[in-house]
Amino acid sequence: MCPLDTLDTLDTHTLDTSDAGASPRRAVFATAGHVDHGKTALIRALTGVDTDRLPEEKRRGITLELGFAELPGTPISFIDVPGHRRLVHAMIAGASGVDALVLAVAAGEGVMPQTREHLHVAALLGIRRVLVALTKAELVDDETLALAEADVREALSAVQLSAVSVHRTSARTGRGMEELRSAVVSLAETLPDPGRTARTLLPVDRVFNVQGAGVVVTGTLVHGRLRVGQPVRVLGRRGPRTGVCRGLEIHGRATAQADAPARVAVNIARLERDDLERGDIVSGEHAPCVSRRLDVSLQLLPGVTVKDDQPAVVHVGAARAAARLLMLGSGFAQLVLHEPLAALGGLAFVVRGFSPNREHGAVLGGGRILDADAPPLPRPRDTAGRSRRVHAVELCRDGRQDDAVLAMLDEAPRPVDGAALESRLGLEPGTIAEWSRRDALPGVVSVDAGSCWTTARGLERLAELATARVEAHQASAPHERGASLETIRSALAERCGRDAADAALHRALAGGRLRVEKGVLSTPEFAEREHAASDQAALAALAALERAALQGMGEDAFVASGTPLTVVRAALARLATSGRARRLGALWFAEGAIEEARVAIRAHFERGLPLSVADFKALCRVSRKQAIPLLEQLDREGTTLRDRSEQGRDIRLAGPLLRE
Ligand code: GDP
Ligand code: MG
């Protein structure tokens, strides 16, 4: 029977939010134990479901894929995992995010290698509740059962676990099954409330097509809520994809809504079978990170040693990726993944040794993701940088996330996106803004309309960067007045957003590290040096103009003497504004030279003579090139008066200035 045969009826569902939260807390149990120890038989005896549903599983009598079943009349799901050593990856996927384990140990064999390996994985994944079934009990005597029980208890305590209860069972005779069932039910009833979260997180462990419905994924909903009709975001190594949750089922029953923890099947509209794969994460509005770098707390199994930079395989939920393991202080590591995977701070992971056949690597250890999208590690030589990083991850491990946020913002080279940081650390969306409102993040400032965060130190670094850019510009273009404010501002904004760029520039200006004048930024030293330098250039230009007297000089004459045009222009502009020189047409004259022309003209008029252009040329020993602009200036200022009568063209008389 197809467990999803009801999917096509889903659009008749109406969403009912009134009973939100009213549904009983579901519980998810996973099996664990060595191959052939009776896990699948146990689940069949409890639930009536044969989870070995694949033809190959039937033929070989061994579980290859995860199997799923519900304990009739209860909200309890079982995930049946394979026990073969080559299928530990499937066990890890199945056990991730579950509430408890049912550990099957064949009474006649006792604890075997995969019994231990599964217990290690369980401990690393943070599963604390274990029910033990000593299986095939009808085949052995009481003494053997007692030995097996002692054996299991010892194996559990070796990984700091203890059994909730131990049951002597036989799937064949039904012995102990009723007890085991009640133990499962009472354990499920005591499970803690998972709490409300705005994050939806469903690691995908199976993907298939259902005729007429389209693509369906299954997985253990480990966080939050899924509802029919809601948009979903799928993340994984293939990048983000979006779809819509068209249908939801829990063990073959359609439902409008599912709350974590639950085994769910989701029919996703707008995506195809090939758009999805095992290891993807289905999320809602608040997406997890997709990352190649995980900072983690790492616990190694007893007797395991790892080398820095050792190759490994990392499992997070149903996803796995080849990685290098970089050691980061004791108890921490950075996992550098060969391909990205979707992850969230706080999720558990397992790392296995690398083997060319990646099914074979032994479990080395595991722990928790502390930063799901960590920046690259500081170089080993940067011991201060490294120890600051270790400190930040220690804060995460110790649950001091607010201090960790402070430390990470302080270290970040630019303002950090708040939503992304919340995913990195596994914080509830909106937490950083909330902490900031409560003054729990001293010195933290929001930029870019509240979407990004930085600290006073972060802004300081940006201010330093702005100053460095201005200095670099000054060095490469010493003849300019400084760097364009807009250019520096946009370069900074590209790096850190406009708000942060402006805040950093304000900081640099307020602190006196930069000054701004007419849209140009410069350092105070440069501005002074530039002042002094242009003073010098101005004096040199004035001396040249004075030497040229009424011959005047064009800009090109200065440039020909080796001074750059920009310097010449700046110097002449200074002379003009300070009243020491004047441009007439294409020529520059020292004010002193023009004054000499005035004196000569006054003497000329005192003799009662009019002044022709020829007279002026002779008087001042200049050619027409100088005479015309000079005379026009003298007319303008009133030293001369041009006679505009017909016969008097080209004749000048004493102007109003001289007649006063
Ligand atoms: P799994 O690999 O742990 O899932 O083990 P299975 O449930 O597939 O069982 C392995 C073999 O042990 C099968 O041949 C089962 O029929 C057999 N088996 C399972 N439970 C019992 C039991 O209680 N008594 C006996 N005699 N055999 C059992
Ligand atoms: Mg099995």
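What you are looking at is a predicted structure, and each value in this text was computed from that prediction instead of being measured. Throughout this document, residue positions are counted from 1 along each chain, in the order its sequence is written. Written order determines the labels here, with chains lettered from A and ligands numbered from 1. Per-residue local features are limited, in this predicted model, to residues with pLDDT of at least 70; the limit for side-chain atom pairs, both in listing and counting, is 80 or more; totals at the level of whole chains, interfaces and linings are taken over all residues. Side-chain calculation: all heavy atoms of the structure are included, whereas hydrogens and water are not.

Undergrad: How should the pattern of salt bridges be read in this particular structure?
TA: The term salt bridge refers to a pairing of a side-chain nitrogen on Lys or Arg with a carboxyl oxygen on Asp or Glu at a separation within 4 Å. For the coordinates displayed, the defined rule picks out 32 salt bridges. A salt bridge links Arg389 to Asp295; its shortest N-O distance comes to 3.0 Å. Of this pair, Arg389 sits in helix α7 (residues 383–397) while Asp295 sits in strand β16 (residues 289–300), and the two are 94 residues apart along the sequence. One exposure class covers both Arg389 and Asp295, and it is buried. Across the pair Arg598 and Glu595 runs a salt bridge, and its minimum N-O distance is 2.5 Å. On the criterion of helical spacing, the pair formed by Arg598 and Glu595 is a turn pair, its members being three residues apart in helix α17 (residues 591–606). Burial status follows relative accessibility: with a 1.4 Å probe on protein chains alone, a residue under 20% of its type maximum counts as buried, one over 50% as exposed, and anything between as partly exposed. With a relative accessible area of 14%, Arg598 lands in the buried category. The class for Glu595 is partly exposed, based on a relative accessible area of 36%. Ionic contacts of the salt-bridge type, sharing partners, join the residues Arg237, Arg238, Glu277 and Glu339 into one network. A run of H or I in DSSP counts as a helix once it spans at least four residues, and a run of E counts as a strand once it spans at least two, with each numbered from the N terminus.

Undergrad: Whenever I open this one, the sheet that holds strand β32 (residues 651–654) confuses me. Can you help?
TA: The strands making up a sheet are joined through hydrogen bonds of the backbone, oriented either antiparallel or parallel. On the basis of which strands lie adjacent, the open sheet formed by three strands has the order β30-β32-β31 and antiparallel pairing. The sheet terminates laterally at β30 (611–612) and β31 (640–642), the two strands that pair on one side only. Each of β30, β31 and β32 is contacted by helix α19 (residues 624–637), which is oriented at about 100° to β31, the strand it contacts most. Note on pairing: two strands pair once DSSP finds at least 2 bridges between them. Only heavy atoms matter for contacts: two residues are in contact if any of them lie within 4.5 Å across the pair. Throughout, an axis means a line fitted to C-alpha atoms (over the contacting stretch in the case of helices), and angles, computed between N-to-C directions, take values from 0 to 180 degrees.

Undergrad: When you look at the packing of helix α18 (residues 613–620) against α19 in this model, what are you seeing that I'm missing?
TA: Axes are the key here: two packed helices are described by the angle between their axes and the distance separating the axes. The N-to-C vectors of α18 and α19 enclose an angle of 105°; their axes lie 10 Å apart at closest approach. Viewed along their axes, α18 and α19 adopt a mutual orientation that is roughly perpendicular. The residues of α19 that touch α18, namely those facing Val613, Phe616 and Lys617, are Arg624, Ala627, Ile628, Leu630, Leu631 and Leu634. Comment on the angle field: the value is read as roughly parallel under 35 degrees, roughly antiparallel over 145, roughly perpendicular from 65 to 115, and oblique elsewhere.

Undergrad: Is there a simple way to explain the sheet that holds strand β25 (residues 483–484) in this structure?
TA: Within the open sheet, the three strands sit side by side as β25-β27-β26. Their pairing is antiparallel. Since the sheet does not close on itself, it has two edges, and those belong to β25 and β26 (515–517), each with one partner. For β25 and strand β27 (residues 520–522), the ladder comprises two bridges, and the chain directions are antiparallel. Within β27, the position partnered with Ser484 by the bridge is Val520. Lying on the sheet, helix α11 (residues 456–476) is in contact with β25 and β27; it crosses β27 at an angle near 95°.

Undergrad: What is the right way to read the environment of Thr197 from this model?
TA: Along the chain, Thr197 falls in the loop between α6 (177–189) and β7 (201–210). Classification of Thr197 by relative accessible area gives partly exposed; the value is 25%. Apart from the residues lying within four places of it in its own chain, the contact partners of Thr197 are His223, Gly224 and Glu428. In this structure the side chain of Thr197 is engaged in a polar contact, spanning 2.9 Å, whose partner is the backbone nitrogen of Arg199. By the criterion applied in these results, polar contacts are pairs of N or O atoms within 3.5 Å in which, for protein atoms, one can donate a hydrogen and the other can accept it, and in which residues neighboring in sequence qualify only through two side-chain atoms. Within the structure, the side chain of Thr197 is placed 2.8 Å from the side chain of Glu428, a separation counted as a polar contact.

Undergrad: Before we go on, may I ask you to explain the nonpolar core in this structure?
TA: As a rule of thumb, nonpolar side chains are buried together in soluble globular proteins. Counting 42 residues, the largest nonpolar core has Ile79, Leu103, Val121, Val132, Leu134, Val152 and Leu156 as its most contacted members. Bear in mind that the domain bounds are from an automatic or database domain assignment. Summarising the domain contributions, this core has at least three residues from each of domain 1 (26–189) and domain 3 (292–442). Excluding its chain neighbours within four sequence positions, the residues that come into contact with Val132 are Leu103, Val152, Leu156, Ala163, Ser165, Val166 and His167. Grouped together as the second largest cluster of nonpolar side chains are 36 residues, Leu545, Ala581, Leu584 and Trp588 included. Nonpolar cores are built from buried Ala, Val, Leu, Ile, Met, Phe, Trp, Tyr and Cys residues. Side-chain atoms within 4.5 Å join them into one set.

Undergrad: Any chance you could explain the site of ligand 1 here in plain terms?
TA: We call a residue near a molecule or strand whenever a single non-hydrogen atom of that residue lies within 4 Å of it. Around ligand 1 lies a shell of 15 residues, among which Asp36, Thr40, Ala41, Glu138 and Ala171 are the nearest. Here Thr40 contributes a side-chain N or O atom positioned 2.8 Å from an oxygen atom of ligand 1. Note that an oxygen atom of ligand 1 is positioned 2.8 Å from one of the backbone N or O atoms of Ala171. Note on residue classes: Ala, Val, Leu, Ile, Met, Phe, Trp, Tyr, Cys and Pro are nonpolar, Asp, Glu, Lys and Arg are charged, and everything else, Gly too, is polar. In terms of residue class, the shell around ligand 1 is made up of four nonpolar, six polar and five charged.

Undergrad: Could you clarify how one ought to interpret the environment of Pro610 in this entry?
TA: In this fold, Pro610 is placed in the loop between α17 and β30. With relative accessibility at 38%, the residue Pro610 sits in the partly exposed group. Note: C-alpha distance between Pro610 and Asp643 (33 residues apart in sequence) is 9.5 Å. If near-sequence neighbours (up to four positions away) are discounted, Pro610 is found in contact with His604, Phe605, Asp615, Ile651, Arg652 and Leu653.

Undergrad: For this particular structure, what's the right way to read the side chain of Arg652?
TA: Mapped onto the elements, Arg652 comes out in strand β32. By relative accessible area, which is 4% here, Arg652 ends up buried. A polar contact of 2.8 Å, which involves the side chain of Arg652, links it to the side chain of Asp635. Leave out the neighbours within four places in its chain, and Arg652 touches Phe605, Pro610, Leu611, Val613, Leu631, Asp635, Thr640, Leu641 and Arg642.

Undergrad: I would appreciate a short explanation of the pairing of strand β8 (residues 214–221) in the present structure.
TA: Remember that side chains alternate between the two faces of the sheet whenever the strand is regular. β8 sits mainly inside the fold: seven of its eight residues count as buried. Note that β7 and β8 share six bridges and pair antiparallel. Following the sheet pairing, Val207 is matched in β8 by Val217. Connecting β7 to the next strand, β8, in antiparallel fashion are three residues, including Gly212 with a positive phi near 85°. In terms of strand pairing, β8 meets strand β14 (residues 262–269) through six bridges, oriented antiparallel. Residue pairing in the sheet places Val216 in a bridge with Asn267 of β14.

Undergrad: Help me out: how do you make sense of helix α13 (residues 498–510) in this one?
TA: Since there are 3.6 residues in each turn of an α-helix, residues three or four apart along the chain are aligned in direction. Taking 1.5 Å as the rise per residue, α13 with 13 residues should run 18 Å; its terminal C-alpha atoms sit 18 Å apart, in good agreement. Structurally, α13 contributes buried residues whose contacts are with β23 (444–447), α11, α12 (485–496) and β27. Positive phi appears at Gly512, one or two residues downstream of α13, with a value of about 75°. Between the first and last residue of a helix there are one fewer steps than residues, each counted as 1.5 Å, and that sum is the expected span.

Undergrad: Sorry if this is basic, but what is going on with the confidence of the model for the chain here?
TA: If pLDDT is low for a region, its predicted coordinates should not be looked at in detail. Residue-level pLDDT values for the chain average 90, and 95% of them are 70 or greater. Across residues 1–19, where pLDDT falls below 50, the model places 29 contacts with residues more than four positions away in sequence or in other chains. Confidence of the predictor at the level of single residues is captured by pLDDT, which takes values from 0 to 100.

Undergrad: Would you explain unusual backbone geometry in this entry?
TA: For residues that are not glycine, phi is negative in most cases, and the peptide bond is trans in most cases. Between Ala260 and Pro261 the backbone carries a cis peptide bond, its omega angle lying at -5°. Locating Pro261 in the fold gives a position in the loop between β13 (257–259) and β14. A positive phi angle is found at Asp439, which is not glycine, with a value near 60°. You can see Asp439 is positioned in the loop between α10 (431–437) and β23. A relative accessible area of 65% places Asp439 in the exposed class. A positive phi angle, near 50°, is found at Ala549, a position not held by glycine. Along the chain, Ala549 turns up in the loop between α14 (524–548) and α15 (555–560).

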